Protein chains: 2
Amino acid sequence: VAPATFYDRLDATLHHQRTCLCVGLDPDPERTPAPLRGLDELDALRTFLEGVVEATQEHCAAFKFQLAAFLAYGPEGIGLIPPLMRKIGPERIRILDLKAGDFPNTMRLYGRGVFDRLGFEALTASPYLGWETVDEIAKDRSRGVFVLAHTSNPGSKDVQERTTEAGRPLWEELLGPLRERASSKNLGAVVGATFPAAVGKARQALGPEVPILAPGVGAQGGDLEATLRLGRGSGAGALLINNSRGVLYASTKADWKEAAGAEARRLAQAMRVA
Amino acid sequence: VAPATFYDRLDATLHHQRTCLCVGLDPDPERTPAPLRGLDELDALRTFLEGVVEATQEHCAAFKFQLAAFLAYGPEGIGLIPPLMRKIGPERIRILDLKAGDFPNTMRLYGRGVFDRLGFEALTASPYLGWETVDEIAKDRSRGVFVLAHTSNPGSKDVQERTTEAGRPLWEELLGPLRERASSKNLGAVVGATFPAAVGKARQALGPEVPILAPGVGAQGGDLEATLRLGRGSGAGALLINNSRGVLYASTKADWKEAAGAEARRLAQAMRVA
């Protein structure tokens, strides 16, 4: 029996969880909830993220781990990832956000670490080194690769929106080759929800089946309604919408855990999958 | 007393070591030297890299660690980095090659991990998310940030060489803003030695002072003589030339360590700093 493709896994998870909410585990050490501030920094981070996962996992389809937030604490920080992965388990899509973009032989090593060793279902990748980067890391069709197209930050204008000789922004020119490659049924695109028109353009160019991961709803001010309307594709929608700070820091007082759960529940309902 | 800028540190190191050789610690698990193959994979990697560092450090100005090669082994792999850093010590430029490219608040976390926690003197960064990425990670002027301009792989044509509406390749348009920012005296550029003409263009556009990190000499076939001629800048040259596989796998038999040292010595002489 051929293993399921990443598209199969994502679609089944979206149907099962009935929401496209992705909770971003991007903790900011400056914003640790007050009751945890007396702990050793690593214990505080572990307790915080375990609490967030416990409170939110019933409400979301996916978790996006930010590599930098763990690497900030060195090897011990990376050591927090495996127990969190086990706590979440394989019934959610677990994404490592590291924006990897390197030579094929290096991408193979990222695949070993991120997929085989740490067990993530998907990662984010940057196209700056070209398509050979993506082709190598996407060889295992059961694992997803979300390629950066148009990110949600103001700096996206500097390179991504640069106009090419064809008169189009660079990032839009990446969508055609991405769609072609997506016949492997494990490639997606990152398109920030702070630019809903970009989400719509990406959906049109990628066709209905290619998943879009849209960060930026919440603290960054992305438009949820427009992102849902313009970004949804076929099946269970082929769309994940990430919120990090809105959930993580719903409260930084004694009720931080309950508040994170309540905010995830509210967002999950606003992001219902029919 | 103001701390030295990265340019000061690099220039002093190049003068002291009298070579611009950077040894790349990009180990490939498929090519572990025969005498180490009986060991546990992590012990094999540790023994191999310790041996390479011992044999080559007198001959080089810098070491470039490839993050993926360590992350491939999960938290324990990242745990190999601190003892290697101590073994090398601060008299060489230690660069983490992770091609980080993310939001400013995430780049701040990469800085904590890579500079403050792990102790690297420099890292590589991708410009795909725009200049705010670079501006944040370059705030500490004592730490270097090498921004990807034109990489040494064939895929560099896909995005980096795309022609803009101004009729120039995208990567060349990044050199002007990079040069402006480099007044902070800690920014450099990555330009692959497999495209010596690109090294020359980068040197012209960046002026004499901005350091260039040029990988790709050796296994990738980059032209050493042309890279030296076209890439050298002012002071001690403001140039680092990386070789990974040529040194690491000079021999994969019993003499692997001596062979790595001999190859590093040979390259160091070919890359003499006057």
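This report concerns the structure included in the present document. (Residues numbered from 1 in each chain as written. Chains lettered and ligands numbered in written order. Predicted model: local features only at pLDDT ≥ 70, side-chain atom pairs only at ≥ 80, totals over all residues. Heavy atoms only, no water.)

Details of the interface of chain B and chain A
Then comes step 1: In this assembly, 58 residues from chain B lie in contact with 58 residues from chain A.
Then comes step 2: A buried area of about 5100 Å², summed over both sides, lies between chain B and chain A, and 60% of it is on carbon and sulfur atoms.
Then comes step 3: Across the pair B:K99 and A:D102 runs a salt bridge, and its minimum N-O distance is 2.9 Å.
Then comes step 4: Put simply, chain B and chain A have 22 residue pairs in polar contact (both at pLDDT 80 or more) between them.
Then comes step 5: Within the residue set of the side of chain B that touches chain A, elements represented by two or more residues are α3 (67-71), α4 (74-78), β3 (93-100), α6 (104-117), α7 (131-137), β5 (144-150) and α8 (170-173) of chain B.
Then comes step 6: Top element by residues in the side of chain B that touches chain A is α6(B). It accounts for eight residues.
Then comes step 7: When the residues that make up the side of chain B that touches chain A are grouped by side-chain class, the tally is 28 nonpolar, 18 polar and twelve charged. (Contact = heavy atoms within 4.5 Å. Buried area = accessible area lost by both parts, 1.4 Å probe. Salt bridge = Lys/Arg side-chain N within 4 Å of Asp/Glu carboxyl O. Polar contact = N/O pair within 3.5 Å; in protein donor to acceptor, adjacent residues only side chain to side chain. Helix = DSSP H or I, 4+ residues; strand = E, 2+ residues; numbered from the N terminus. Nonpolar A, V, L, I, M, F, W, Y, C, P; charged D, E, K, R; others polar.)

Side note on the relation of the copies chain B and chain A
Then comes step 1: Overlaying chain B on chain A yields an RMSD of 0.0 Å, the required transformation being a rotation through 180 degrees with an accompanying axial translation of 0.0 Å. Read as a symmetry element, the transformation amounts to a two-fold axis.
Then comes step 2: The overlap is high: 100% of the interface residues of chain B also sit at the interface in chain A, so the same surface is used on both sides. (Least-squares fit on C-alpha atoms with pLDDT ≥ 70 in both.)

Points about the nonpolar core
Then comes step 1: Residues A:F65 and B:F65 are the most contacted members of the largest nonpolar core, which totals 198 residues.
Then comes step 2: Dropping the residues within four chain positions of it, A:F65 is found in contact with A:L25, A:F70, A:I81, A:L84, A:M85, A:I88, A:I95, A:L96, A:D97 and A:F120. (Core = buried A, V, L, I, M, F, W, Y, C linked by side-chain atoms within 4.5 Å. Buried < 20%, exposed > 50% of the residue type's maximum accessible area, 1.4 Å probe, protein only.)

Quick word on the sheet that holds strand β6 (residues 187-191) of chain B
All names here are of chain B.
Then comes step 1: The strand order β1-β2-β3-β4-β5-β6-β7-β8 describes a closed barrel built from eight strands, whose pairing is parallel. Within this sheet the neighbouring strands show an average axis-to-axis angle of 30 degrees, counted without direction.
Then comes step 2: In this sheet, β5 lies alongside strand β4 (residues 122-125) in parallel orientation, the contact comprising four bridges. In the sheet register, A122 faces β5, and the bridge partner there is G144.
Then comes step 3: Along the sheet, helix α1 (residues 6-17) makes contact with β3, β4, β5, β6 and β8 (239-243), crossing β3 at roughly 130 degrees. (Pairing = 2+ DSSP bridges. Axes fitted to C-alpha atoms, helices over the stretch in contact; angles between N-to-C directions.)

Section: the environment of A:L39
Then comes step 1: Positionally, A:L39 belongs in the loop between β1 (21-25) and α2 (41-56).
Then comes step 2: Setting aside residues no more than four positions away along its own chain, A:L39 makes contact with A:A44 and A:T47.

Re empty space enclosed by the protein
Then comes step 1: Tallied over the entire structure, the rule returns six cavities of 30 Å³ or more.
Then comes step 2: Empty space within the largest cavity amounts to approximately 430 Å³.
Then comes step 3: Around the largest cavity, the lining is made up of 32 residues, and of these A:D26, A:Q220, A:S244, A:R245 and B:T106 lie nearest the centre.
Then comes step 4: Among the elements of the structure, β2 (62-66), β3 (93-100), β7 (212-215), β8 (239-243) and α12 (245-248) of chain A together with α6 of chain B are those that each provide at least two residues to the lining of the largest cavity.
Then comes step 5: Of the residues in the lining of the largest cavity, the class split is ten nonpolar, twelve polar and ten charged. (1 Å grid on protein atoms, 1.4 Å probe; cavity = no way out; pocket = protein on both sides within 12 Å on 5 of 7 lines; lining within 4 Å. Points joined across faces, edges and corners; volume = space filled by probe spheres on them.)

Observations regarding the state of the cysteines
Residues and elements named next belong to chain A.
Then comes step 1: Tallied over the entire structure, the rule returns zero disulfides over all chains.
Then comes step 2: As a non-bridged cysteine, C60 has C22 as the owner of its nearest cysteine sulfur, 7.3 Å distant.
Then comes step 3: Note on C60: relative accessible area 0%, which makes it buried. (Disulfide = S-S within 2.5 Å.)

Considering the pairing of β1(A)
All names here are of chain A.
Then comes step 1: Counting buried positions over the five residues of β1 gives five, a clear majority of the element.
Then comes step 2: Alternating residues of β1 divide into L21, V23 and L25 and C22 and G24, and every residue in both groups is buried.
Then comes step 3: Where β1 lies against β8, three bridges are found, and the strand directions are parallel. Counted as the bridge partner of C22 is N242 from β8.
Then comes step 4: Pairing of β1 with β2 involves four bridges; the strand directions are parallel. By the bridge assignment, V23 is partnered in β2 with F63.

Overview of the pattern of salt bridges
Should the charged atoms of two oppositely charged side chains come close, the side chains can pair.
Then comes step 1: Throughout the structure, instances matching the rule amount to 44 salt bridges over all chains.
Then comes step 2: Here B:D158 makes a salt bridge to B:K157, at a shortest N to O gap of 3.4 Å.
Then comes step 3: Given the relative accessible area of 14%, B:D158 is considered buried.
Then comes step 4: Among the charged side chains, a network of salt bridges with common partners joins A:D26, A:K64, A:D97, A:K99 and B:D102.

What to know about the layout of surface pockets
One way to see where empty space is left: roll a probe the size of a water molecule over the atoms.
Then comes step 1: If you add up the space inside the largest pocket, you get close to 460 Å³.
Then comes step 2: In terms of lining residues, the largest pocket is bounded by 33 residues, among which A:N105, A:T106, B:D26, B:Q220 and B:R245 are the most central.
Then comes step 3: Of all the secondary-structure elements, those providing two or more residues to the lining of the largest pocket are α6 (104-117) of chain A together with β2 (62-66), β3, β7 (212-215) and β8 of chain B.
Then comes step 4: If you tally residues by element for the lining of the largest pocket, the top one is α6(A), at five residues.
Then comes step 5: Partitioning the lining of the largest pocket into residue classes produces ten nonpolar, twelve polar and eleven charged.

Focus on the environment of B:F70
All names here are of chain B.
Then comes step 1: Considering the arrangement of structural elements, one finds F70 in helix α3.
Then comes step 2: Residue class for F70 comes out buried when judged on its relative accessible area of 0%.
Then comes step 3: Each C-alpha atom of the pair F70 and L80 lies 7.4 Å from the other, and the pair is ten residues apart in sequence.
Then comes step 4: Discounting chain neighbours no more than four positions away, the residues touching F70 are L25, L49, F65, G77, I78, L80, I81 and L84.

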